[in-house]
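# Examination of the molecular architecture
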Amino acid sequence: MDISELYQIYQAHPVITTDSRDCPEGSIFLALKGASFDGNKFADMALEKGCAYVIVDEKEYAKEGDERYILVEDCLTTFKELAREHRRHFDIPVVGITGTNGKTTTKELVSAVLGEKFNVMFTQGNFNNDVGVPKTLFRLSPENEIAVVEMGASHPGDIRKLVEYVEPTCGMITNVGRAHLQGFGSFEGVKKTKGELYDYLAANDALVFINADNEHLMQMAEQRNINRLITYGKDENCDVWGEVISCAPFLKFRWRTESFDWHEVQTHLIGSYNIDNMLAAITIGLHFDVKPQQIDHALENYI
């Protein structure tokens, strides 16, 4: 059975569960493995609880002759490939976000801004790894007009694998820092891994939103010959620029573009560093024609 055939089964039973304690009637149970558990062992239980099918990757747990058992080579790979198949049924903008710090906050702010105009599907919490990202993609529905997907990494190659399933149409890296160095080996390893989002966007001639104040990001974009850039930062040469007014304790800042005069925003976020996340959300919102007043409203009301 190939992915397209498996997807047809999913379309008839459009709920996938990876938790044998949560088996909605008619759903599909997918047997993932972890350090201390093997979902294959719970396949029978999932059927008893109401699942219509179970996907397993160990032959001993697939009952011969029972079509409710679907044997695959690797459940996690199948999960991701099935999620990609689902994602490809939606011809909508998909904003991919990664970075060392600020990616979850930025994802939330971007989603709030876009939500002023669109029906947005976005990553819940920080479901940004190789299990969380497929779960996010499966939440895509016909009502959605745009998606914002957060992608995390703790080892080289993590982002490269994730973008192959997310297939973002545009994206941004919030920053690159010296976190998780034990996984990446060095700061250069961090830059290379986060830069895998740029690699994908460059290969597909897709748009990159970039913090022009960050010399590492600008260097990474230049190395990949990315020329479809929309910049933001604290310099008036950026497409969107802004400055901190105060932090007492909440960030108050102002922003503008060549087309718009200064907009003053009082936020509910602490820390002047959050201006970068705010400017990123403004930049993406403007690109998708969200009105400045709507952008300000979203940022002022985000808690």
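All of these numbers come straight from a predicted model, not from anything done at the bench. (Residues numbered from 1 in each chain as written. Predicted model: local features only at pLDDT ≥ 70, side-chain atom pairs only at ≥ 80, totals over all residues. Heavy atoms only, no water.)

## Observations concerning the overall build of the protein chain
So the rule is basically this: Counting from the N terminus, the helices are the DSSP runs of H or I reaching at least four residues and the strands are the DSSP runs of E reaching at least two. We compute the radius of gyration from the C-alpha atoms alone; for a globule the expected value is 2.2 Å times N to the 0.38, where N is the number of residues. For the exposure calls, accessible area comes from a 1.4 Å probe over protein chains only, and a residue counts as buried if that area is under 20% of its type's maximum, exposed if over 50%, partly exposed in between. Throughout, a residue-residue contact means that at least one pair of heavy atoms, one from each residue, lies within 4.5 Å.
For the protein chain, the count of helices and strands is 11 helices and 13 strands. Over its C-alpha trace the protein chain gives a radius of gyration of 21 Å, about what one expects of a compact globule, namely 19 Å for 303 residues. Based on the C-alpha atoms only, the size of the protein chain along its principal axes is roughly 70 × 40 × 35 Å. For the protein chain, buried positions account for 51% of its 303 residues. For the protein chain, long-range pairs separated by at least 24 residues make up 58% of all intrachain contacts whose partners lie at least 6 apart in sequence.

## With respect to helix H4 (residues 103-114)
To keep it simple, the criterion reads: In this scheme, a helix's expected span is set at 1.5 Å multiplied by one less than its residue total.
Under the 1.5 Å per step criterion, the end-to-end length of H4 is 16 Å for 12 residues, consistent within 8% with the ideal 16 Å. Among all positions of H4, only Lys103, Thr106, Lys107, Leu109, Val110, Ser111, Val113 and Leu114 are buried.

## What about the sheet that holds strand E7 (residues 146-150)?
Short version of the rule: Here the rule is simple: two strands pair whenever DSSP picks up at least two bridges between them. For helices, the axis comes from a line fit to the C-alpha atoms of the stretch in contact; other axes are also lines fit to C-alpha atoms, and the angle between any two N-to-C directions lies between 0 and 180 degrees.
Within the open sheet, the nine strands sit side by side as E6-E7-E5-E8-E9-E10-E11-E12-E13. Their pairing is mixed. Lying at the two open borders of the sheet, with one neighbouring strand each, are strand E6 (120-122) and strand E13 (263-270). Neighbour to neighbour, the strand axes of the sheet diverge by 20° on average, direction disregarded. Across the sheet, helix H11 (residues 292-301) is in contact with strand E12 (250-256) and E13; its angle to E13 comes to roughly 20°.

## Considering the sheet that holds strand E3 (residues 53-56)
Taken in spatial order, the four strands of this open sheet run E1-E2-E3-E4, and their pairing is parallel. Pairing within the sheet leaves two strands with one partner each, and these edge strands are strand E1 (16-17) and strand E4 (69-71). Summarising the sheet, strand E2 (residues 28-30) and E3 pair through three bridges and their orientation is parallel. Across the sheet, the residue bridging to Ile28 is Tyr53, located in E3.

## Focus on the side chain of Thr136
By the secondary structure assignment, Thr136 is in helix H5 (residues 132-137). By relative accessible area, which is 3% here, Thr136 ends up buried. Contacts of Thr136, omitting those with residues within four sequence positions, involve Met121, Phe122, Thr123, Phe127 and Val149.

## Thoughts on unusual backbone geometry
With omega at -5°, the peptide bond leading from Ala248 into Pro249 counts as cis. You can see Pro249 is positioned in the loop between strand E11 (240-247) and E12. Here the phi dihedral of Glu167 falls at roughly 50°; this positive angle occurs in a residue that is not glycine. Residue placement: Glu167 occurs in the loop between helix H6 (158-166) and strand E8 (170-173). Looking at Glu167, the relative accessible area reads 17%, which means it is buried. Residue Asp289 is not a glycine yet carries a positive backbone phi of 60°. Within the fold, Asp289 resides in the loop between helix H10 (274-287) and H11.

## Thoughts on the packing of H6 against helix H8 (residues 187-203)
So the rule is basically this: Two helices crossing with the near one rotated counterclockwise from the far one by less than a right angle form a left-handed crossing, whereas a clockwise rotation gives a right-handed crossing. In this classification, Asp, Glu, Lys and Arg are treated as charged, Ala, Val, Leu, Ile, Met, Phe, Trp, Tyr, Cys and Pro as nonpolar, and every other residue, Gly included, as polar.
Running from amino to carboxyl end, H6 crosses H8 at an angle of 35°, the nearest separation of the two axes being 7 Å. Relative to H8, the crossing made by H6 is right-handed. Contact residues: H6 offers Asp158, Ile159, Arg160 and Val163, while H8 offers Thr193, Lys194, Glu196, Leu197 and Tyr200. In terms of residue class, the contact of H6 with H8 is built from four nonpolar, one polar and four charged.

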